[in-house]
Amino acid sequence: MGSSLDLPRKPFALRHLPTAARMVVATYLISVGIGYFSALVQLHFQHASAGQFLPGPDEVKSAYGSRPNMGQLERLVLADETRPFNGSGQMREAFFRRASGWRREIRELAKDKKVSEEEAEKMIRKQRVAEPDALVAWIRSGAAKDTYKESTEAKSYKFLLPDEVAAHLTDDAPSDFFKKNEDGKWTANIAEIIDTRCVHCHKTGARGAVGAIQLDEWEKVMDYIAPEGGSGMSLDKLAQSTHVHLLGFAMLYGLTGFIFAFTSYPAAIRAVIAPLPLVMQVLEISCWWLARADATFALGIMAFGGLVALGLGAQIVLSLFDLFDKKGKVMIALLLIAGAASVGVLYTQVIAPHLEQQKTSAARLSS
Ligand code: HEC
């Protein structure tokens, strides 16, 4: 019939969208890119150890994998001080750098003994180790209530320290937490240790997540003593994280995938890259659960997580280029170069020196 209806229709493509719509798509892609980068920064603060930008295999293993069969409190008190200061990292710093008066004590001892502050810090640490060690020894002895708290007039405290913990203590370093009995044995006041080192944060009425974790009575301390069942993240946290990722991020990756699917790249490339982040995310999350059974799956978390990032990055960059004609492409290229340059500057000027500083202070701790 020769009507225009019989003409082959041009397949829909992004670049045929009106300018305003393409601007929306472009700014959406850019903001997803920035959002993803800030998610990486958050990952740094949550899980990376001192000196790392992103968590390594050890950190991922301990976040998702099996853990030594001990209670949360014991684990947090024994964990390395370079780990992040939170419920999945460590609370050991509460005895040292986060103890109130820490800096002042070091300065005063350095002045007293006429040694460097570094030397003074080492001296204080050597004795203070008795505090976390006493706490752990008490937990391992069964954490009995009648060995926890002490009446004020007692000549000795109730928890008798094992010899290897007592070995840190000397007569010339008075402490509110330890007493030497007439028979030469040392005893500890466990309640006083926790009250001094932990309760100024973990008390009834403190605001936020910390306030929900109370350690001001034996009964409440007991909540954190029971063995965790050998797995990293608690089941309810993992279940929550799973649904947040599968619903929230699936929406996000679904949209970026759809956008990429309508670009003008060859069909085979589109068919691979468009669903890539979604598929990789499902594999990554499967590894979260599998890592509970076998910690080697933590490596799968890192590999599939990396592929999610790679796929998303490819979708954003390639789609942005496909949206515009020559002039627009130049603009996008300039924008990407400017973005890469500012990340580069940020890295060399702020992040790298910060990581370097973390590394040197971590090295000082372990020497
Ligand atoms: C400077 C404040 C501060 C001090 C001191 C402190 N904590 Fe914490 N603690 C925190 C914060 C912050 C968290 C993470 C809370 C969160 O986000 O869930 C935490 C988490 C915990 C958790 C994890 C609870 C959970 O359900 O995830 C335990 C157990 C804990 N602390 C024990 C201790 C012990 C034992 C001490 C003393 C040796 C101590 N804390 C000292 C701030 C502190």
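None of these values were measured; they are calculated from a predicted model.

Attention now moves to unusual backbone geometry. Residues apart from glycine generally show negative phi values, whereas peptide bonds are mostly found in trans. Not every positive phi belongs to a glycine, and Lys114 is a case in point at roughly 55°. Its place among the elements puts Lys114 in the loop between α4 (102-113) and α5 (117-128). A residue is classified by how much of its surface remains accessible, and Lys114, at 72% relative accessible area, is exposed. Even without being a glycine, Ala143 presents a positive backbone phi close to 50°. Its location among the elements puts Ala143 in the loop between α6 (130-140) and β1 (159-160). A residue is classified by how much of its surface remains accessible, and Ala143, at 1% relative accessible area, is buried.

Oppositely charged side chains may form a pair once their charged atoms are brought near each other. Across all of its chains, the model carries 14 salt bridges by this definition. Residues Lys145 and Glu219 are paired through a salt bridge, measuring 2.8 Å at the closest nitrogen-oxygen approach. Of this pair, Lys145 sits in the loop between α6 and β1 while Glu219 sits in helix α10 (residues 218-222), placing them 74 residues apart in sequence. For Lys145, a relative accessible area of 47% translates into the label partly exposed.

Conventions we followed
- Residues numbered from 1 in each chain as written.
- Predicted model: local features only at pLDDT ≥ 70, side-chain atom pairs only at ≥ 80, totals over all residues.
- Heavy atoms only, no water.
- Helix = DSSP H or I, 4+ residues; strand = E, 2+ residues; numbered from the N terminus.
- Buried < 20%, exposed > 50% of the residue type's maximum accessible area, 1.4 Å probe, protein only.
- Salt bridge = Lys/Arg side-chain N within 4 Å of Asp/Glu carboxyl O.

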